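Take a look at the letters that make up each chain.
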Amino acid sequence: MTVTILHVSGQIDIMRHDLAEISGSKYNSITSLTIIKSLIYRHQKIIALSENIESLFTYIALMQLLCNTLVICCAGFVIIISVGTDVGMTSMFKLVSFYVAISLEAFIFCYAGEFLSAKSKSIGDAIYESLWYGMPPTDSRILLFMMLRSQKRLTIIAGKIVDLTLEGFTSIMKASASYVSVLNAMY
């Protein structure tokens, strides 16, 4: 999933570069309109690819995050129980490294979603930074519609429940900590 998100982000960067070319060169109505049409087409393809990635990985990401939450909870509980006993340092190191690895896996999923959202918002910024005000009104209106569409950020939602963002990662970690607390109170 992260590789495909990086691909979409690369396509967004290419699109931003092409937008900079419009504003960097002297305005030519015919060539600029052709470039704008290709940018709109590319933007639509990026949106469609992002939606396809979400529909493909939504339930996979949900199961992965649920399993990660459960494993983080259990590993945290075992770490808390092991602190008061005479478990060796190597066993404690193994437990902590396992906890960190599982937490890192959940973080990577959520960071990929956050990265995609930030990249999608950067399209609108790139359009705004272009020299749209020097174009004829018909061409600048086209860019305006593209800017409006780019304000709706591209997201990956795990199971149509959890948004894969850094906020989602925070909620996963909070839920795991509260489950560990409940398990520790019951133990």
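Residues numbered from 1 in each chain as written. Predicted model: local features only at pLDDT ≥ 70, side-chain atom pairs only at ≥ 80, totals over all residues. Heavy atoms only, no water.

- The name an unreviewed UniProt entry gives the protein is Odorant receptor 2a-like, with Dinoponera quadriceps as the organism.
- Under the UniProt heading Subcellular location (unreviewed entry), the note attached to the protein is "Cell membrane". (UniProt positions renumbered as here; feature names shortened; annotations may be inferred.)

## Topic: the overall build of the protein
Inference 1: Within the protein one finds five helices and two strands.
Inference 2: Starting at the N terminus and walking to the C terminus, you meet the elements of the protein as α-α-α-α-β-β-α.
Inference 3: Relative to a compact globule of 187 residues, whose C-alpha radius of gyration would be 16 Å, the protein shows 23 Å and is clearly more extended.
Inference 4: By principal-axis analysis of the C-alpha atoms, the protein measures approximately 75 × 30 × 20 Å.
Inference 5: When each of the 187 residues of the protein is scored for burial, the buried share is 37%.
Inference 6: Nonlocal contacts in the protein, meaning residues at least 24 apart in sequence, comprise 82% of its contacts between residues at least 6 apart.
Inference 7: Of the accessible surface of the protein, which amounts to about 11,000 Å², a share of 67% is contributed by carbon and sulfur atoms.
Inference 8: One finds the centroid of the 14 positive side-chain charges in the protein at a distance of 6 Å from the centroid of its 13 negative side-chain charges. (Helix = DSSP H or I, 4+ residues; strand = E, 2+ residues; numbered from the N terminus. Rg over C-alpha atoms; globule rule 2.2 N^0.38 Å. Buried < 20%, exposed > 50% of the residue type's maximum accessible area, 1.4 Å probe, protein only. Contact = heavy atoms within 4.5 Å. Areas by Shrake-Rupley, 256 points an atom, 1.4 Å probe, with all protein chains shown as cover. Lys, Arg positive; Asp, Glu negative; His and termini not counted. Charge placed at Lys NZ, Arg CZ, Asp CG, Glu CD.)

## Some remarks on the nonpolar core
Inference 1: Of all hydrophobic cores here, the largest spans 34 residues; its most connected members are Met1, Ile127, Ile156 and Leu164.
Inference 2: When contributions to this core are tallied by element, the ones reaching two or more residues are α1 (2–24), α2 (29–83), α3 (89–129), α4 (137–150) and α5 (166–186).
Inference 3: Among the elements that take part in this core, α2 stands out by supplying nine residues, more than any other. (Core = buried A, V, L, I, M, F, W, Y, C linked by side-chain atoms within 4.5 Å.)

## Focus: the packing of α3 against α5
Packed helices, taken two at a time, are described by the angle between their axes plus the distance between the axes.
Inference 1: Here α3 crosses α5 at 150 degrees, and the two axes come no closer than 8 Å. The angle between α3 and α5 places the two elements in the roughly antiparallel class. Residues Tyr99, Ser103, Ala106, Phe107, Cys110, Tyr111 and Glu114 of α3 pack against Leu166, Gly168, Phe169, Ile172 and Met173 of α5.
Inference 2: Residues of the contact of α3 with α5, tallied by class, amount to nine nonpolar, two polar and one charged. (Axes fitted to C-alpha atoms, helices over the stretch in contact; angles between N-to-C directions. Parallel < 35°, antiparallel > 145°, perpendicular 65-115°, else oblique. Nonpolar A, V, L, I, M, F, W, Y, C, P; charged D, E, K, R; others polar.)

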